[in-house]
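Notes for the structure review
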Amino acid sequence: MTDVTASPAPGIRKAENPGQYIVLIAVAAAVLVFLLREKLPSLTTYPDAAVIPFKDWIGAVMTWMKVNLTWFTRSLAAIMDVPLRFAFNLLAKGFKLGSGPEATVLPRLSWLGVVGVMGWLGYINGGWRLALLCGGGFFALALFGVWNNAMLTLALIVICVPFCVITGLLVGIWSYRSPRFDGWLITPALDLMQTIPTFAYLIPMLLLYGASPVSALLATGLFATPPMVRATLLGLNKVPSEIKDFADMAGCTRRQKLWRVLIPSAKPSLMIGVNQVIMLALNMVIISSMIGAGGLGYDVLLALRALKIGQAMEAGLAIVIIAIVLDRLSQAIAHRQPAIAIAEGTWARHGNLIIAVGLLAVTTILALVIPALATFPKSLTLTTAPWWKAGVDWLTLHMFDTIEAVRVFVLLNFLNPMRAGFESLPWLGVLLVIVALGWRLGGWRLALLVGFLGFFAAASGLWVPAMQTLYLAGAATLVACIIGIPLGIWASRSDRVQSFVLPIIDTLQTIPMFCIIIPVVMLFRVGDVTALIATVAFAIVPAVRYTNHGLRQVPSQLVEAGQVAGCTRWQLFRHVQLPVAMPEIMLGINQTILLALSMIIICAMVGTRDLGQEIFKALAKADSGRGIVAGLVIAFIGIIADRLITAWVNKRKMRGGLA
C-alpha cells in the first residue's frame, strides 16, 4: 500500500515550512554586505559614534556600590572571614592565643592524621584501592614538600564547597517548586554564570572587597554554585512519580515529603552536583589566587611568571592530586549503597566519625612532643622540579627544529588565515545569519534572543575582539572534534578501547586549566599555537564522552532491524547508528565549544589577542565596567552557540521520534 502522506506535493511542503530558505537568503545578504564593505563601511565595521557606553554605565553602578554599600561588604567579609581563618589555622597555620613573645601557639592538624583520615574515608567508601589512592595522594603532598600551601588550598575548598552546596540546594528546591520562577530567572542566570569567564568574577570582587582570601572565596563560590542548582533540579524531577504518590498516601507534610522522601531519593544526582562543585572550585582556586587566595594557585602563578617549569609543574601536579582524590572520593560516596539495617547505638551510628576524630586528635597531640608529626621532615622530602626542567630542556635541545616547524606551519597555514577571515566578518552579515538560524530552529523568540546577544558585542565596541575570540575557540573546537569524535566512535565499538580511553578522559577532566597550559608554553612558547593545543587538550573531553555514550545508547532493536535488512557494518553505522546518536554528539560539540571559550580566557595569559586581554587589562586597572562587558560578550557567544545547537538537537529528536 502506498503512503500518500510520505511524499507531499512541493507546494504543500512549502506552505508547511515557508521559512526553509531563510538561512540561504541571510547568507546571501551577508556575502553582499561583505562585497560592499568599501562602499558601506558602517555595515562591516560598527561605527564608533554608535557605540553604546555599557562600560561606563556598569562602571558607574559598581562605583556607587563601592561607595554606598561599604557597610554591607565589610559585614559580609567579616562574617565569611571567621570560618575561613579557622580553616586556615586548623589545616595550615595553627592557632595563636595571645600576643607578643608569650603568646601560646596551638598546633595545626598533624599531616599524618590528615593522611590517615583521607585513607580511612577512602576505605569505608571504596575499599582498599580507594584508600591507597586517597591516603597515598595526600602523603605525596607531604613527600614533595608542598603540604603547607596544599592545606591552604584545601582549607578554601573545605569552606567554599559546603557554602556552594547549601546555596545550590536551596535555590534548586526553590526552582523545583516554582517552574515559572525557574524558567524566567534561574535558568537564564545559571546560563550566564556558567558561560561568563572566570576572570570576570575577579574584577567586582577586587573592587568591592579588595585583594583578600574573602574575595577569592566569594569569587570561587559564585563560579562553582550553578552545577549544584542544576543537579538539585534534575534530581528532584527524576524522582519517580510512584515515590511521590507514596509520600502523599503516607500523610507526609510538604516539608516531610521534601526532606525525608525527595531529597534522599535524589541523592545520586545531588552527589554528582557536589562532585562538579569540587572540580570547579579547584579550577577557580588558581585564578582566584590573583586576588589573595594564596596556596598552590599562587605557587603556579609565581612559577609561570618566572618561567620556572619545574616549580610550576610540581605545584600544578599537587592541585591535580587533590582534584583526583576529591573527585574519586565524591564519586564513591555518590555510588555507595545505603545500609539496609538500622544501626543502633552511638558506635554503630557514628563509629567512622569517632575513628576519624580520634586519629586527628591523637596524632596532633603527639605532634607536640614529636616534631616530625607536626611538620614533615625536610630531609625526607623529594622534589621533581629538576626532572621536569631537565625533560623540557632535553626536548627543546633535541626537538626544537621539529617543534618550531610544526608551530610555524600551523600558524601560517591554519591559524593566521582563519584569524584574518574572522576579523573581516561584517557585523551586520553575522547578525543576519544567526537571527535566520534562530528563526529557522526555534522561532521568533530564539531569533530575538540570539540577535540581541550578537548585537551587544557590536554595540559595545568589542566586535573585533569578539571575532578573535570566536576564531580561536572555533579552531580549537574543530580540532577537538576531528580528534575526539573518531576516538569516541572507536571506543563505542570496543570495550577494550573504552577501558583505555575513559580513564584518560577522566584524568583530563580533573586537571585544572592552568596545569594543562604550563608544559605547552614551555615547548611551543607563547602565542596562538600554544593556546590552540592547550584548549584542545582541555575541551576534547565532551567530544569523546558524548560520542561514545550516544552510539552505545542506540536501541538494540534498531541495530537488529538493520542487520535483518542486510546492512553491512558501514551501512549500519552510517544509516542507523550515526543518525540516532547525532543529537547526543551535537550536545558534546556544544559542551566542547563552552569549554573552549572558558579556556581561551586562560590562554590570554600566553599572548593571545582577544576578549581575554580586555579582561586582563581591566583587572590590572580595576576597571570593572570594561572587564564585566568583555566577560558578558564571551558569555553571550557561548549562550548563542548553546541555544542554537540545543534547538537543532530538539528539532532533530522530534523529527526522529526520540523526543
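Our subject in this report is the structure included herewith. (Residues numbered from 1 in each chain as written. Predicted model: local features only at pLDDT ≥ 70, side-chain atom pairs only at ≥ 80, totals over all residues. Heavy atoms only, no water.)

What follows concerns the overall build of the protein chain. Helix and strand content of the protein chain: 29 helices and two strands. Here the C-alpha radius of gyration of the protein chain, 27 Å, is about what a compact globule of 659 residues would show, namely 26 Å. Once the C-alpha set of the protein chain is aligned to its principal axes, its extents read approximately 90 × 60 × 60 Å. Scored against the burial criterion, the 659 residues of the protein chain give a buried share of 47%. Nonlocal contacts in the protein chain, meaning residues at least 24 apart in sequence, comprise 79% of its contacts between residues at least 6 apart. When the accessible surface of the protein chain is split by element, carbon and sulfur atoms take 68% of a total near 33,200 Å². Charged side chains of the protein chain number 49 positive and 29 negative; the gap between the two group centres comes to 2 Å. (Helix = DSSP H or I, 4+ residues; strand = E, 2+ residues; numbered from the N terminus. Rg over C-alpha atoms; globule rule 2.2 N^0.38 Å. Buried < 20%, exposed > 50% of the residue type's maximum accessible area, 1.4 Å probe, protein only. Contact = heavy atoms within 4.5 Å. Areas by Shrake-Rupley, 256 points an atom, 1.4 Å probe, with all protein chains shown as cover. Lys, Arg positive; Asp, Glu negative; His and termini not counted. Charge placed at Lys NZ, Arg CZ, Asp CG, Glu CD.)

With 195 residues, the main nonpolar core has F138, W147, F199, F514 and M599 as its most contacted residues. Apart from the residues lying within four places of it in its own chain, the contact partners of F514 are F199, I286, I287, V300, L301, L304, I602 and M605. (Core = buried A, V, L, I, M, F, W, Y, C linked by side-chain atoms within 4.5 Å.)

Before going further, it helps to examine the packing of aromatic side chains. Enumeration according to the criterion identifies 14 aromatic pairs in this entry. Arranged with centres 5.0 Å apart and planes meeting at 75°, the rings of Y46 and W427 form a pair that is edge-to-face. A residue pair is termed long-range when its members are at least 10 positions apart, and Y46 in the loop between α2 (22-35) and α3 (54-68) and W427 in helix α20 (residues 427-442) qualify at 381 residues. Plain terms: the ring middles of Y46 and F455 are 6.2 Å apart, the flat faces sit at 75° to each other, and that makes the pair edge-to-face. In this pair, Y46 sits in the loop between α2 and α3 while F455 sits in helix α21 (residues 444-459), placing the two residues 409 residues apart along the sequence. Note on Y46: relative accessible area 13%, which makes it buried. (Phe/Tyr/Trp six-rings, centres within 6.5 Å; stacked < 30°, edge-to-face > 60°.)

Moving on, we come to the packing of helix α15 (residues 295-305) against helix α16 (residues 309-335). Where α15 meets α16, the closest approach of the two axes is 8 Å, and the angle between their N-to-C directions is 155°. The angle between α15 and α16 falls in the class roughly antiparallel. The handedness of the crossing between α15 and α16 comes out as left-handed. The segment α15 lies against α16, with L296, G297, D299, V300 and A303 engaging Q311, A312, A315, G316, A318, I319 and I322. Tallied by class, the residues present in the contact of α15 with α16 amount to eight nonpolar, three polar and one charged. (Axes fitted to C-alpha atoms, helices over the stretch in contact; angles between N-to-C directions. Parallel < 35°, antiparallel > 145°, perpendicular 65-115°, else oblique. Left-handed = near helix turned anticlockwise from the far one by under 90°. Nonpolar A, V, L, I, M, F, W, Y, C, P; charged D, E, K, R; others polar.)

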